Amino acid sequence: MAEAALRGLGSRRRSRRLFAAGMILVGGLGLVAAAAPWLTSYDPDAIVVAHYAGPLPPGGAHPLGTDTLGRDVWARLAYGARTSLFVGGLAMALSLGIGVTVGLVGGYFGGAVDTALMWLVDLVLTMPTLLLLIVLAAVLPPSLLTIPLVIGVVGWTTFARTVRGEVLSLRERDYLLAARALGASHGRIMLRHLLPGVLPGVVVLAALGMSGAIGIDAGLSYLGLGVPLPTPSWGRMVSEVQTYFAVAPWLVVLPGVAVSLAVIGFNLVGYGLIDLLGERRG
Amino acid sequence: MMALLGYLIRRVFRAITTLLGTTLILFVLVRVVPANPAVSIAGPKADPETLAAIRKDLGLDDPLAVQYGRYLERLVHGDLGRSYLTGRRVTEAIGERLPATAKLGLTALAVGFFLGLLIGIVTAARQGSAADIGVLIATLVGLSIPTFWLGNVLIYFFGYRLRWLPLGGAGALRHLVLPAATLAIVELFFYARFVHTNVGGTLASDYIRTARAKGVPPLRLYFVHALRNALIPVVTLLGLDVAALMSGVTLTETVFNWPGLGRLAVQSVFQLDIPVLAGTVLFSAALVLVANLVVDLLYGVIDPRVRHG
């Protein structure tokens, strides 16, 4: 579905600005994740209030308040950034690996191989993603690696389709015919001659894949199927406290804002790159 | 005519093979469930004889290929198995939940699609203006905020604060407003962005310039001349969107405690009710397949170029 919306942001100046804004968001997210222990002195899982009397509003010793169990919200958000980036990054890398391989092989060999692989792509594409993820998350033993693995295994179709399309357009170029005439092996042609040609598109998809994986991870965590406790995750932070929305709205609002900013950041980088790379090529 | 027929047959054949693939994936997944089905039915304190009887009853000791064949045979007869928990037929449970999901999904799709179409066309006419940038930013934000969070925020404002609408549940029309709005907002941005770029591209084409030069009034130009061409890819999008819609429906139903299929699937995960989970997912996948098939067929009729592709 991302392919349908795979268009840039419009004019060059605007793309550069929005790309810069995306880089700032993504950079900020990375910084918070990396520096979490220095940005807060609290343990994200520890109960930090001496006498629990309901969630504390933001301010004072707890800049973003405390949650319904008396844990520091800022600490949980900051460490939650690690979870999001870890899950998103690993899932995206896995999708990228599978998708690029499938796309290269299908596009290069064509014929029955291509038909079979594209049938597989269609199969995964028509499965309702979240429901498939729910089944996978339910049947696999819960661990920190399960969720990124599951998201990665389901999310590779866009990579495969895009790479295949680009390979098809590159396949008949003269330099490839020359390489083939010189007796280069299939593997060498795919890795040395085709892969560099599809890389710009892959970089764009990697950024968009990252935003997709972070969003899906948040949804799964919200349903209670995310990374196992006690690892802090933004999606679960919302589901844990949603019954307290009336008395402590910040508890629900903040993790949602965090997810949104992360997804927007990666989306801006991805869409911005479409224009910036296209500009250089065209 | 022959080309069209060939196209139709290819599409139907493809849908059937895809459905078969889906059943295989689900079968494999369900067979690797760590929880022992017999234990799930009889409870953890059941004696070995009971467990053995249940295993025999469900045919869990047969070779996998035999089990898969039996599973397919039952599917052909419309049998999705029985719930481990209640012993009811899965098809019954699905039939009970389907109307709620259909009501929610179709309302959201209709509202989101038409509003998105409208916003897309209106803003496409003014490429480069403040409205253009506004749509761009709004769609980026709209497509990035998590559905479950949006639902909660709407509940907070319209439920707790303004007390206009109920916080959750189903029944009356007012129960439908917030969940449908949550889903429709996501859909709206999706279509607005797509129509915006597509109509924008069409508006720059020669035939529109000709029509404009001939003095076709602007409204007719946008809604008849440009929209018709821009709608063709939107139709495909509609098919693909059904799969995404099911994901959104699942999250929205959970937020609002809406008694639909998505809620059923999520509940059955936590109850380890594998037949219900697998049945619901298979049914949803079949729905998506049928929707895509209908779109493909329509597409073949609308656009003759496709048939020969």
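Here the structure is a predicted model, which is why all the values come from computation and not from measurement. Per chain, the residues get numbers from 1 upward, laid out in the order the sequence is written. Labels follow written order: the first chain is A, the first ligand is 1, and so on. Only residues with pLDDT of 70 or above have their local features reported here, since the model is predicted, and side-chain atom pairs are shown and tallied only from 80 upward, although totals for entire chains, interfaces and linings are computed over all residues. Side-chain measures here rest on the full set of heavy atoms in the structure, leaving out hydrogens and waters.

Caption draft 1: Structural context of the interface of chain A and chain B. By definition in these notes, contact holds between two residues if any of their heavy atoms fall within 4.5 Å. Counting from both sides, the interface comprises 49 residues of chain A and, opposite them, 54 residues of chain B. A simple way to read buried area is as the amount of 1.4 Å-probe accessible surface that goes missing from two parts once joined, with both sides added. Both faces considered, chain A and chain B share a buried interface measuring about 4,500 Å² in area, 76% of it formed by carbon and sulfur atoms. For this analysis, a salt bridge means a side-chain nitrogen from Lys or Arg found within 4 Å of a carboxyl oxygen belonging to Asp or Glu. Applying the counting rule to chain A against chain B returns one salt bridge. For aspartate 122 of chain A, the salt bridge is made with arginine 14 of chain B, and the minimal N-O distance between the two is 2.9 Å. Counting of polar contacts relies on pairs of N or O atoms within 3.5 Å, with two restrictions inside protein: one atom must be capable of donating a hydrogen and the other of accepting it, and residues adjacent in sequence are counted only when both atoms are side-chain atoms. Across the chain A-chain B interface, the total number found is six residue pairs in polar contact (both at pLDDT 80 or more). Helix numbering and strand numbering both begin at the N terminus, where a helix is a DSSP run of H or I of at least 4 residues and a strand a DSSP run of E of at least 2. For the side of chain A that touches chain B, the elements supplying multiple residues, two or more each, are helix H1 (12-39), helix H3 (111-126), helix H4 (129-139), helix H8 (186-222), helix H9 (234-241) and helix H10 (249-281) of chain A. Along the lines of polarity and charge, the residues of the side of chain A that touches chain B split into 35 nonpolar, 11 polar and three charged. Ten residue types, Ala, Val, Leu, Ile, Met, Phe, Trp, Tyr, Cys and Pro, are classed as nonpolar, four, Asp, Glu, Lys and Arg, as charged, and the remainder, Gly among them, as polar.

Caption draft 2: Representation of the pattern of salt bridges. Tallied over the full model, the rule gives seven salt bridges over all chains. The salt bridge involving glutamate 92 of chain B is made with arginine 88 of chain B; its shortest N-O contact spans 3.4 Å. Think of it in three bands: with a 1.4 Å probe and only protein chains considered, a residue is buried below 20% of the maximum accessible area for its type, exposed above 50%, and partly exposed in between. Classification of glutamate 92 of chain B by relative accessible area gives partly exposed; the value is 43%. Put simply, arginine 88 of chain B and glutamate 96 of chain B hold a salt bridge, and the shortest N to O gap is 2.9 Å. Accessibility expressed as a relative area gives 32% for arginine 88 of chain B, which makes it partly exposed. Bridged by salt links that share partners, the residues Asp122 and Arg161 of chain A together with Arg14 of chain B form one connected network.

Caption draft 3: Structural context of unusual backbone geometry. Although it is not a glycine, asparagine 257 of chain B adopts a positive phi angle of roughly 55°. Tracing the sequence through the fold places asparagine 257 of chain B in the loop between helix H10 (218-256) and helix H11 (261-270).

Caption draft 4: Here's a closer look at the side chain of aspartate 273 of chain B. Its location among the elements puts aspartate 273 of chain B in the loop between H11 and helix H12 (274-302). In contact with aspartate 273 of chain B, not counting residues within four places along its chain, are Ser83, Tyr84, Leu85 and Ser268 of chain B.

Caption draft 5: Representation of the environment of arginine 97 of chain B. All names here are of chain B. In this structure, arginine 97 sits in helix H5 (residues 90-124). Judged by relative accessible area, which is 16%, arginine 97 ranks as buried. Leave out the neighbours within four places in its chain, and arginine 97 touches Pro259, Gly260, Leu261, Arg263, Leu264 and Gln267.

Caption draft 6: Layout of the side chain of serine 83 of chain B. Residue and element names in this part refer to chain B. By secondary structure assignment, the location of serine 83 is in the loop between helix H4 (64-76) and H5. Within the structure, serine 83 has its side chain in polar contact with the backbone nitrogen of threonine 86 (distance 3.1 Å). Within the structure, serine 83 has its side chain in polar contact with the side chain of aspartate 273 (distance 2.5 Å). Not counting the four nearest positions on each side in its chain, serine 83 is found in contact with Arg88, Val90, Asp273 and Val276.

Caption draft 7: Representation of the domain arrangement of chain B within the structure. Residues and elements named next belong to chain B. Each domain's limits were defined by an automated method or a database of domain assignments. If you check the domain split of chain B, you get domain 1 (2-76) and domain 2 (97-302). Of the residues lining the interface, 17 residues belong to domain 1; the matching set on domain 2 comes to 14 residues. Summed over both sides, the interface between domain 1 and domain 2 buries roughly 1,200 Å², with carbon and sulfur atoms accounting for 86% of that surface. Linking domain 1 to domain 2 there are zero salt bridges. For the pair domain 1 and domain 2, the number of links is zero residue pairs in polar contact (both at pLDDT 80 or more). Put simply, the parts of the chain that give the side of domain 1 that touches domain 2 at least two residues each are helix H1 (2-31) and H4. Top contributing element to the side of domain 1 that touches domain 2 by residue count: H1, with 12 residues.

Caption draft 8: Structural context of the nonpolar core. In plain words, nonpolar cores are sets of buried Ala, Val, Leu, Ile, Met, Phe, Trp, Tyr and Cys residues tied together by side-chain atoms within 4.5 Å. One finds Ile134, Ile151, Leu220, Leu223 and Trp234 of chain A together with Phe148 of chain B to be the most contacted residues of the largest nonpolar core, which totals 95 residues. Of all the elements, H10 of chain A adds the most residues to this core, at 15 residues. No fewer than three residues from each of domain 1 (2-76) and domain 2 (97-302) of chain B sit in this core. Each residue touching leucine 220 of chain A, except ones within four places of it in the same chain, is listed here: Leu130, Leu133, Ile134, Ile147, Ile151, Leu225 and Gly226 of chain A. Leu109, Phe190, Phe194 and Ala226 of chain B belong to the second largest nonpolar core, which has 31 residues in total.

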